[in-house]
Amino acid sequence: MEEKNLFTLIPKVDEILDKDFIKELLKYIPRKIVLDSIRIEIEEIRTKIKGKEISEEEIVKNIEDIHIKIKKRAEEKNSFKLKRVVNGTGVVIHTNLGRSLINEKIMENIKEVAINYSNLEFDLVNGGRGSRYSHLEEIICEITGGEAAMVVNNNAAAVILVLSSMAKNKEVIVSRGELVEIGGSFRIPDVMEQSGANLVAVGTTNKTHLWDFENAINEETGALLKVHTSNYRILGFTSNVDSEELFLLKEKYNIPLIEDLGSGVLIDLSKYGIEYEPTVQESLKKGVDIVTFSGDKLLGGPQVGVIVGKKEYIDDMKKNPLTRAFRVDKFTISTLEATLRYYLEESVAIKEIPTLAMLTQSLKEIGSKALELKSKIEEKVSNDLFKIDIEDNFSEVGGGSLPLEKLPTKCLVLTLDNLSTQEFENNLRKFHIPIITRLYKDRVYIDLRTIREEEFHIVVEGISFAFNKVKGV
Ligand SMILES: *Cc1c(COP(=O)(O)O)cnc(C)c1O
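About the thresholds
Residues numbered from 1 in each chain as written. Predicted model: local features only at pLDDT ≥ 70, side-chain atom pairs only at ≥ 80, totals over all residues. Heavy atoms only, no water. Buried < 20%, exposed > 50% of the residue type's maximum accessible area, 1.4 Å probe, protein only. Helix = DSSP H or I, 4+ residues; strand = E, 2+ residues; numbered from the N terminus. Arc of directions from axis to C-beta. Near = heavy atom within 4 Å. Polar contact = N/O pair within 3.5 Å; in protein donor to acceptor, adjacent residues only side chain to side chain. Areas by Shrake-Rupley, 256 points an atom, 1.4 Å probe, with all protein chains shown as cover. Nonpolar A, V, L, I, M, F, W, Y, C, P; charged D, E, K, R; others polar. UniProt positions renumbered as here; feature names shortened; annotations may be inferred. Contact = heavy atoms within 4.5 Å. Pairing = 2+ DSSP bridges. Axes fitted to C-alpha atoms, helices over the stretch in contact; angles between N-to-C directions.

A. View of helix α5 (residues 56-64). For α5, every residue scored as buried is listed here: I59, N62 and I63. For α5, the angular spread of the buried residues around the axis is 95°, confining them to a single face. For α5, the exposed residues lying more than 90 degrees away from the buried face are E57 and E64.

B. Region of the structure containing the site of the ligand. Taken together, the residues surrounding the ligand are R99, N154, N155, A156, I182, F186, H228, S230, D260, G262, S294 and K297. Contacts to the ligand include R99, whose side-chain N or O atom sits 3.0 Å from an oxygen atom. Contact distances for the ligand include 2.9 Å between an oxygen atom and a backbone N or O atom of A156. Computed on the free molecule, the ligand has an accessible area of 380 Å², of which 95% lies beneath the protein chains in the complex. Those elements that provide at least two residues to the shell around the ligand are α9 (155-167) and β11 (257-262). Here the residues of the shell around the ligand sort into three nonpolar, six polar and three charged.

C. View of the UniProt feature "modified residue: N6-(pyridoxal phosphate)lysine" (unreviewed entry) in the chain. As recorded in UniProt, the feature "modified residue: N6-(pyridoxal phosphate)lysine" (unreviewed entry) lies at K297. Summarising the element assignment, K297 is placed in the loop between β12 (290-294) and β13 (305-309). Judged by its relative accessible area of 5%, K297 falls in the buried class. Sequence-distant contacts of K297, defined by excluding residues within four places in its chain, comprise I93, R99, S100, I182, G262, S263, T355, G399 and S401.

D. Region of interest: the sheet that holds β11. A sheet is described by the order of its strands in space; here seven strands give the open sequence β5-β13-β12-β11-β10-β6-β9, paired in mixed fashion. Edge strands, defined here as strands with exactly one partner in the open sheet, are β5 (148-152) and β9 (198-202). Going across the sheet, the axis of each strand differs from the next one's by a mean of 20°, ignoring polarity. For β5 and β13, the ladder comprises five bridges, and the chain directions are antiparallel. Bridge assignment links A148 to a residue of β13, and that residue is G309.

Now the structure itself:
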């Protein structure tokens with residue numbers, strides 16, 4: 001067939017718009033997206049004809065199938081870019097996958113606040129302007145034992161705000177062993193520079209002594225800073241200065257003591273068989289003036305940075321212009337308030353806060369979930385394609401918390417017969433609810449710790465979808 005004739009086979013936009021499948025699409029997809037998809041697909045066929053790279057037959061087939069491609073393109077374009085996924089990695093606080101999950105029951109509270117007006121900055125007693133920080137201060141103090149508290153956008157912002165308020169243009173002494181970098185370019189030295197405080201690093205990488213701190217104190221000293229080495233440990237010939245010791249210097253020289261705790265654990269998790277991590281309450285009890293921590297790591301709430309401690313310092317922070325830039329919105333406040341309420345009763349917190357529930361799950365529970373999911377997959381997907389084993393493995397806490405902690409877990413391990421494992425794993429990620437797994441030695445690992453029972457049907461459908469794609473069905 002002549003090239004020209006091939007062009008005449010391509011339907012016109014108006015013709016396509018008249019088709020029934022388009023009318024169906026227009027019921028749930030905006031007209032502009034549908035139109036754009038039609039134009040792009042028509043253009044692709046034109047390009048193919050011009051390129052002469054594929055046969056006439058294939059082009060005719062392309063034209064016949066244009067409706068399938070239009071539908072797919074329009075649906076893809078119309079889907080949300082930020083969407084839920086299934087976390088089969090076993091990393092509980094997975095920063096790339098949104099860190100902590102929020103209990104569904106809390107959403108009711110957020111909805112109330114979101115779809116109605118609220119007293120966000122309105123004082124219901126006096127009828128005048130109120131503070132958005134007031135809603136959280138009482139409960140944070142009640143749980144942690146602090147005098148005053150405020151909440152900003154995240155812990156990185158909290159550290160900048162604290163240093164800027166307490167030590168701008170002054171020296172802040174910190175141990176060399178604690179100059180941490182937390183993923184995503186949060187580096188203590190850089191953060192300090194941003195805040196206007198001058199870093200004075202003392203000691204060495206593996207050893208810092210109290211006298212290192214004491215020798216560095218002078219008239220320019222604005223604060224002593226302790227940073228929790230959340231995401232690494234220095235092992236072997238080491239010594240570091242505890243906040244209890246730093247407290248002695250703080251008293252002797254009257255210099256405030258600040259601690260960036262990172263993870264923000266409010267319950268001693270060692271009771272549940274997880275490595276000890278210093279709690280906010282203990283830090284304050286040791287006499288630290290200001291403690292900062294994240295809301296979406298071990299606390300299990302929304303992304304925030306919590307600042308808690310002496311009222312005199314926190315009052316200054318509330319007046320700092322940075323506070324306006326770092327402020328949290330009403331969804332966050334409402335989510336954090338509801339999450340913190342669970343902490344009023346430890347057993348409730350462990351059960352209702354998904355991060356804590358996942359971390360404290362017993363191996364037995366995980367094992368029975370693995371059995372159930374395995375049989376559901378085998379029921380649905382023809383098993384001449386693969387073999388599933390249940391294997392012992394380890395989950396990680398994640399979020400730069402407890403880097404050495406290995407939590408015993410059970411994984412489903414898929415070994416594929418004559419099919420590409422890499423391609424299969426890619427397809428799991430392309431499912432409309434993407435399933436994120438681990439590839440190791442050409443096998444796919446699905447850790448049951450981070451998958452809830454209500455997600456099982458998604459995993460089953462996703463696996464079935466991924467196999468069909470690999471087979472080219
Ligand atoms: C995670 C972490 C931060 C950063 O907290 P974000 O809430 O992610 O901003 C800062 N300091 C320490 C020690 C941390 O572990």
